[in-house]
There are 2 protein chains.
Amino acid sequence: MTVRASDRWLLRRLLAVRGHPPIEFALWNGETFGSSTGGALARLVVEDRATLWSLVLQPEHGFGDAYAAGRLRVEGDLPRLLELAFRSAPGRSWEWTVAQLATRMLRPNTRRGSRSHIQHHYDLGSDFYARWLDERMVYTCAYFPTPEASLEEAQLAKLDHVCRKLRLRPGERVVEAGCGWGSLALHMASQYGCRVRAFNISSEQIVWARERAKGLGLVGRVEFVEDDYRNLRGRYDAFVSVGMLEHVGPTHYKVLGRVIDACLEPHGRAFLHSIGRAQPAPLNPWIEKNIFPGAYTPTFREMVKILEPHGLAVLDAENLRLHYARTLEHWLLRFEGHVPELEEQFGERFVRMWRLYLAGSIAGFRGGSLQLFQLLFSRTSSNEIPWTRAGVYGVS
Amino acid sequence: MTVRASDRWLLRRLLAVRGHPPIEFALWNGETFGSSTGGALARLVVEDRATLWSLVLQPEHGFGDAYAAGRLRVEGDLPRLLELAFRSAPGRSWEWTVAQLATRMLRPNTRRGSRSHIQHHYDLGSDFYARWLDERMVYTCAYFPTPEASLEEAQLAKLDHVCRKLRLRPGERVVEAGCGWGSLALHMASQYGCRVRAFNISSEQIVWARERAKGLGLVGRVEFVEDDYRNLRGRYDAFVSVGMLEHVGPTHYKVLGRVIDACLEPHGRAFLHSIGRAQPAPLNPWIEKNIFPGAYTPTFREMVKILEPHGLAVLDAENLRLHYARTLEHWLLRFEGHVPELEEQFGERFVRMWRLYLAGSIAGFRGGSLQLFQLLFSRTSSNEIPWTRAGVYGVS
């Protein structure tokens, strides 16, 4: 395929619109454009004309689809390239609005919808996730006491960070909404002496979690329930949900608020941990379609709106954005170490899609288009609240 | 004045509506009602029929006006009595809505309106406040490392708590909006080596603050500017405002957001500290009319809404509600120790009004109708943010 004058014109326009980033483009005939000297952050190889045009005509999906299909190759630092792209992206609020509406209409998080969305992602097989998560299988933002901590140390520190914020005491009853492979539930039971009921609609994860409870001798203390958070019943000293809110969707926040209100004792504490946004925006459409159907990342205000109608007040909030970037760096590194097996099991396209998702998430948290909010709250009328936060840091 | 059957009926209705609180009522003829045994929390003496009826007909103003006029006497624990009253208050959202609208229309916080409102409260004379504030004249919520800390220790700890959250470094330029008598500005300059510009529209406070800067040899490092926050100019490494937002009013939050955005360097950190609410509600109308004209206490969501349009993201939020109750207990205790001089200088009515304001505020913070929010934020695009909050607690 020869390179036409119109192809060159298009590529030059693309580079100009993005403010001439330090990137080298190579076309299918070997011709190069943009920053070709040693200063280039990455080299993008465009394999055909359709791919080149899709970058312009479909800014949200074009890059991801072409990368997944192998028609666009990236040589260099993929997370940094994506961070640069996100930071230089022109405004696109109308596209976001359309994408947001389309998401809610096409993939609503009804009880049935949620189950199908969660299966899409989490039922890929625990063995897949075991290849690149930490030994505890924690698939949410870790807490690095220092940036140099290992992923294993940081996930353990995160579990403690959550438990300390909630000030869990022996014998307390805790309910968890969206428990993943059960690490937090097992930690609350084994290290803080709590009695835990943990909900999840991923069969694959529930089976795994129950096995772990058995292995740890915690069957009498932790109950893993394969059910939707909307079916949560009973009253508890603490409610906790780490990394589920992203899958709830804003049209169901009111229901979540009612569920928390109904299950929390008068003195109870509650905790929400979620990927968020500084400004309202739907999830990146490529990620929503290919990786997380039905997902939505709320702003801080949208999270707090869940509490307000129920006389619940914010006690403590923390943004761990850079910790999620670090967590994802660890995941991507481990993922890259298993590419041959993963390609054999899932195919090259799948591996490229997941690489792009992990690298894109690093870029989002580094660049600030994604945030990570931890929110601790309790009933306004309760005075059984921490006097200070010093205990979270081991200071009495 | 004889007590009529209708008076007795009214008082019994009042007690029934409030759920028969542990309070004894005494009427002007000595007749008593309600909980008269040793279990009564307080004894209310109603001096005349008009006062009795005003408690029912004007639930928002009746109590306060009668108490201030001395027609309603309280024997016993005034803060606990008020906490009980607030907790048992029936819903009154339409009255609140009316009061909120009336406040904004009658006492708008324009530049001129703000000046008049601030003078009403703060220009009572620094000598008045010096009688019951701490030695540094900090008229905002203190931070008690332990509940037993002295007021002096707790106000010093609060200044450090704010500075540590902002991670102030020597040589940084800080702007403060609403600086009171200047304690925080002087502390940032003397203890953290910052160059500070501090704004305030209370002439009385500015004069006092400048004297203190002179006395401490900080004139070259702290500039006290007698001007409105809306006239703030320049670019700074940090923006801080402690206890001013209550006086800004929600119709001016957009302006405040623009001011913060305009003055913050790309790497800058910003901090807002304000009395707040778990649910939207105007200030208690009696307090708004008599103590804080033009004031409004925002919800957490309303505070965060100030940031959102400007690409600013929440980094850290803390609720110090019980610390403000404790702070006010200290203030009330000191206030009571100066009643004879205060009555001589300002009159008995003034003293009763201020006692009711301080006691009512204790009740509001204890009972949860008032909250105290500290909010740290920065530009979404800035990665010069604290890695963890451990440093705030002296943990490296």
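These lines cover the structure that appears in this document, whether it is placed above or below.

## Some thoughts on unusual backbone geometry
Residue and element names in this part refer to chain B.
Here is step 1 of the chain: Despite not being glycine, His20 has its phi angle at roughly 50°, a positive value.
Here is step 2 of the chain: Structurally, His20 can be placed in the loop between helix H1 (5-17) and strand E1 (23-26).
Here is step 3 of the chain: On the basis of relative accessibility, which here comes to 59%, the residue His20 falls in the exposed class.
Here is step 4 of the chain: Despite not being glycine, Met137 shows a phi value in the positive range, around 60°.
Here is step 5 of the chain: Note that Met137 resides in the loop between helix H7 (126-130) and helix H8 (151-166).
Here is step 6 of the chain: Accessibility expressed as a relative area gives 4% for Met137, which makes it buried.

## Comments concerning the pattern of salt bridges
Here is step 1 of the chain: Under the counting rule described, the total for this entry stands at 54 salt bridges over all chains.
Here is step 2 of the chain: Across the salt bridge formed by Arg389 of chain B and Asp316 of chain A, the nearest N and O atoms sit 2.8 Å from each other. Linking Arg389 of chain B in the segment after strand E11 (371-379) with Asp316 of chain A in strand E10 (residues 312-319), this pair reaches from one chain into another. Grouping residues by exposure puts Arg389 of chain B and Asp316 of chain A together as buried.
Here is step 3 of the chain: Of the charged contacts, one joins Arg389 of chain B and Glu318 of chain A as a salt bridge, the two residues approaching to 3.7 Å between their closest N and O atoms. Residue Arg389 of chain B is found in the segment after E11, and its partner Glu318 of chain A is found in strand E10; the two belong to separate chains. Just as Arg389 of chain B is buried, Glu318 of chain A falls in that class too.
Here is step 4 of the chain: What emerges from the salt-bridge pattern is a single network uniting Lys165, Asp316, Glu318 and Arg389 of chain A together with Lys165, Asp316, Glu318 and Arg389 of chain B.

## Overview of the relation of the copies chain A and chain B
Here is step 1 of the chain: The two copies are related by a screw motion: chain A maps onto chain B through a turn of 180° and a shift of 0.0 Å along the axis, at an RMSD of 0.0 Å. When the rotation and shift are considered jointly, the pair of chain copies conforms to a two-fold rotation axis.
Here is step 2 of the chain: Comparing interface residues between copies, 100% of those in chain A also lie at the interface in chain B; the contact surface is shared.

What counts as what
- Residues numbered from 1 in each chain as written.
- Chains lettered and ligands numbered in written order.
- Predicted model: local features only at pLDDT ≥ 70, side-chain atom pairs only at ≥ 80, totals over all residues.
- Heavy atoms only, no water.
- Helix = DSSP H or I, 4+ residues; strand = E, 2+ residues; numbered from the N terminus.
- Buried < 20%, exposed > 50% of the residue type's maximum accessible area, 1.4 Å probe, protein only.
- Salt bridge = Lys/Arg side-chain N within 4 Å of Asp/Glu carboxyl O.
- Least-squares fit on C-alpha atoms with pLDDT ≥ 70 in both.
- Contact = heavy atoms within 4.5 Å.

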